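# Structure at a glance
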Amino acid sequence: MDMMAIKAILAGISLPVMLIDRDYQVFQANPAMRDVLGCNPEGMNAVALLRQAPVLAVMDNAIRDGQSGQARFVLPGLSGEVTYTFRAAPLQLDVAPHTGAVLSFEDSGQLEEAETIRRDFVANISHEVRTPLTGILGFIETLRTSAKDDPAARDRFLAIMEQEAQRMSRMVSDLLSLSRVESDERVRPRELVNLNGVIRSVGATLEGKLKDADVTLDIRGASDDMIIQGDRDQLIQLYLNLIENAIKYGGSGKMIRIALSEIDHDPTLRCPAIRADVIDEGEGIDPLHLPRLTERFYRIDDHRSREMGGTGLGLAIVKHIINRHRGRLKITSEQGVGSTFSVICPR
Ligand code: ADP
């Protein structure tokens, strides 16, 4: 194989790769490698270029002893340090310089970050599930012993156990929805959906809950030509979550208003849009919490959310559905007055 062919193969690899000869001189570097270093290293000395002891030792091993190895390589970047897994493997060619080593760099920072997110998520779920389970186990124990012959206590405990089991079951459904929405977030929906129809059908679904909570739903500005490119089921879920929250945190005897409007040009989305505000008359949200509300399992008041049967996942689902629709969510709130969750989607 000639050097042009080697160059072409390296150019097709997205991992930063360079080849060095026995004197540590770089004789090939692919475009990804040049991007990482910010220059073309061909002709330069790899020892002078890399300068980190563990990396130099691995490189030495590949060239002197013909052994592959890896080490951490840290590069100061524009937005903090970037950590790479550096690998060196011995190289034998049938063209000059004949022998040397292949050096590659894999951005392990991104992997580490994904791993941290995954670990936190597993820890969160375990905690979320353990709390109700511990409660249920405690009640079972009581029912077997002290409350054995107490019918009133038995009914009360069974009701709590049922509530907790139902919340866990909702949590599993929410986790499944979340993972489904996340997995198709990159694929923009193609259906044309009438938002007015979506909101009316959510209103009808929630009729019982609204009545129980003594809350009135007032829908304004809706018209049948409010059509967006969307996924009908997901849009229904989105408004269900927002309106259910408005019922839960808005307080009984209050009003929930939904205001729909058309926007000629949304400055952030840079296109015409449709905006739907879900406005409640609850106690409002401290601005301190606003940026974190859509994180999974983030709740302002853990106890209150659990008591209301909340899973802490509703707004995370909302955020992902909006992302899939290439829209944006704006939350504003005034303490003592209420909160407004605005969904703005491209028309
Ligand atoms: P939850 O199941 O706890 O309701 P969500 O993800 O739907 O989970 O909401 C996260 C948190 O945001 C809630 O626990 C609550 O503290 C806060 N929140 C959501 N909607 C409202 C609202 N309309 N008014 C006040 N606080 C809200």
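Residues numbered from 1 in each chain as written. Predicted model: local features only at pLDDT ≥ 70, side-chain atom pairs only at ≥ 80, totals over all residues. Heavy atoms only, no water.

Looking now at the nonpolar core. Counting residues in hydrophobic clusters, the biggest one holds 45 residues, and the most contacted among them are Leu195, Leu238, Tyr239, Leu242, Ile243 and Ile256. Elements with a contribution of two residues or more to this core: α6 (151–183), α7 (195–205), α9 (232–250), β9 (255–266), β10 (271–279), α11 (314–324) and β12 (338–346). The element best represented in this core is α9, accounting for 9 residues. Here this core spans two domains, and each of domain 2 (109–184) and domain 3 (188–347) adds at least three residues to it. If sequence neighbours within four positions are ignored, Ile243 has contacts with Val202, Leu206, Leu217, Ile256, Ile258 and Val278. Counting residues in hydrophobic clusters, the runner-up holds 22 residues, among them Val55, Ala71, Phe73 and Ala101. (Core = buried A, V, L, I, M, F, W, Y, C linked by side-chain atoms within 4.5 Å. Buried < 20%, exposed > 50% of the residue type's maximum accessible area, 1.4 Å probe, protein only. Helix = DSSP H or I, 4+ residues; strand = E, 2+ residues; numbered from the N terminus. Domains from an automatic or database assignment. Contact = heavy atoms within 4.5 Å.)

Turning next to the side chain of Arg167. Tracing the backbone through its elements, the reader meets Arg167 in helix α6. Residues in contact with Arg167, not counting those within four places in the same chain, are Pro132, Arg299, Arg306, Gly309, Gly310 and Thr311.

With that out of the way, let us pick up the pattern of salt bridges. Per the stated rule, a full pass over the model turns up 19 salt bridges. As a salt-bridge pair, Glu283 and Arg304 come within 3.7 Å of each other at their nearest N and O atoms. A residue pair is termed long-range when its members are at least 10 positions apart, and Glu283 in the loop between β10 and α10 (302–307) and Arg304 in helix α10 qualify at 21 residues. The exposed category is assigned to Glu283, whose relative accessible area is 54%. If you follow the salt bridges from partner to partner, you end up with Glu128, Arg299, Asp302 and Arg306 in one network. (Salt bridge = Lys/Arg side-chain N within 4 Å of Asp/Glu carboxyl O.)

Turning to the site of the ligand, a few remarks are in order. Not every one of the 18 residues close to the ligand is listed here, only the nearest: Tyr249, Asp280, Ser305, Thr311 and Leu315. Within the contact set of the ligand, an oxygen atom lies 2.8 Å away from a backbone nitrogen or oxygen of Thr311. With respect to the ligand, the backbone of Gly314 contributes an N or O atom lying 3.2 Å from an oxygen atom. Surface burial for the ligand is 96%, taken as the share of its 530 Å² of free accessible area covered by protein chains. Secondary-structure elements contributing two or more residues to the shell around the ligand are α9, α11 and β12. It is α9 that contributes the most residues to the shell around the ligand, 3 residues altogether. (Near = heavy atom within 4 Å. Polar contact = N/O pair within 3.5 Å; in protein donor to acceptor, adjacent residues only side chain to side chain. Areas by Shrake-Rupley, 256 points an atom, 1.4 Å probe, with all protein chains shown as cover.)

As a further point, take a nonpolar patch on the surface. On the surface, Met1, Ile9, Ile13 and Leu15 cluster together to form a nonpolar patch covering roughly 350 Å² of accessible area. Mapped onto the fold, Ile9 is located in helix α1 (residues 3–11). A residue is classified by how much of its surface remains accessible, and Ile9, at 48% relative accessible area, is partly exposed. (Patch = residues over 30% accessible without salt bridge, like charges linked within 9 Å, V, L, I, M, F, W, Y side chains within 5 Å.)

This paragraph deals with the environment of Glu106. Looking at the element boundaries, Glu106 is found in strand β5 (residues 99–107). For Glu106, a relative accessible area of 26% translates into the label partly exposed. Sequence separation between Glu106 and Lys330 is 224 residues; the distance between their C-alpha atoms is 37 Å. The contacts of Glu106, once residues within four sequence positions are left out, are Leu15, Thr83, Tyr84, Thr85, Arg87 and Leu111.

Before going further, it helps to examine α9. In a regular helix each residue adds 1.5 Å, so 19 residues correspond to 27 Å; α9 covers 26 Å between its end C-alpha atoms and thus fits that length. Put simply, Asp231 is the residue that caps the front of α9, since its side-chain oxygen is 3.2 Å from the backbone nitrogen of Asp233. Positive phi shows up at Gly251, right after α9, with a value of about 95°. (Expected span 1.5 Å × (residues − 1).)

Here we take up the domain arrangement of the protein chain. Accessible area lost on assembly of the parts is the figure often given for the size of an interface. Domain annotation for the protein chain reports domain 1 (3–107), domain 2 (109–184) and domain 3 (188–347). Summarising the inter-unit geometry, the C-alpha centres of domain 2 and domain 3 are found 25 Å apart. Every contact between the two is made by 15 residues of domain 2 and, on the other side, 15 residues of domain 3. Around 1,600 Å² of area is buried between domain 2 and domain 3 when both sides are counted, 58% of it from carbon and sulfur atoms. Counting across the interface, domain 2 meets domain 3 through 4 salt bridges. (Buried area = accessible area lost by both parts, 1.4 Å probe.)

Turning our eyes to something else, we now look at the packing of helix α5 (residues 108–144) against α6. Angle between the axes and distance between the axes: these two values describe a pair of packed helices. With their axes 9 Å apart at the nearest point, α5 and α6 run at an angle of 160° to one another. Here α6 runs roughly antiparallel to α5, going by the angle between their axes. The element α5 and its partner α6 pack so that their crossing is left-handed. Between α5, through Phe121, Ile125, Glu128, Val129, Pro132, Leu133, Ile136, Phe139, Ile140, Thr142 and Leu143, and α6, the contact on the second element is made entirely by Arg154, Phe157, Leu158, Ile160, Met161, Glu164, Ala165, Arg167, Met168, Met171 and Leu175. Within the contact of α5 with α6, the residues separate by chemical class into 17 nonpolar, 1 polar and 4 charged. (Axes fitted to C-alpha atoms, helices over the stretch in contact; angles between N-to-C directions. Parallel < 35°, antiparallel > 145°, perpendicular 65-115°, else oblique. Left-handed = near helix turned anticlockwise from the far one by under 90°. Nonpolar A, V, L, I, M, F, W, Y, C, P; charged D, E, K, R; others polar.)

According to the stated counting rule, one finds 6 aromatic pairs in the structure shown. A centroid spacing of 6.5 Å and a plane angle of 40° characterise the contact between Phe73 and Tyr84, whose relative ring orientation is tilted. Placement of the pair is Phe73 in strand β3 (residues 69–77) and Tyr84 in strand β4 (residues 80–92), with a sequence separation of 11 residues. Just as Phe73 is buried, Tyr84 falls in that class too. Ring pairs connect the aromatic residues Phe73, Tyr84, Phe86 and Phe105, which therefore count as one cluster. (Phe/Tyr/Trp six-rings, centres within 6.5 Å; stacked < 30°, edge-to-face > 60°.)

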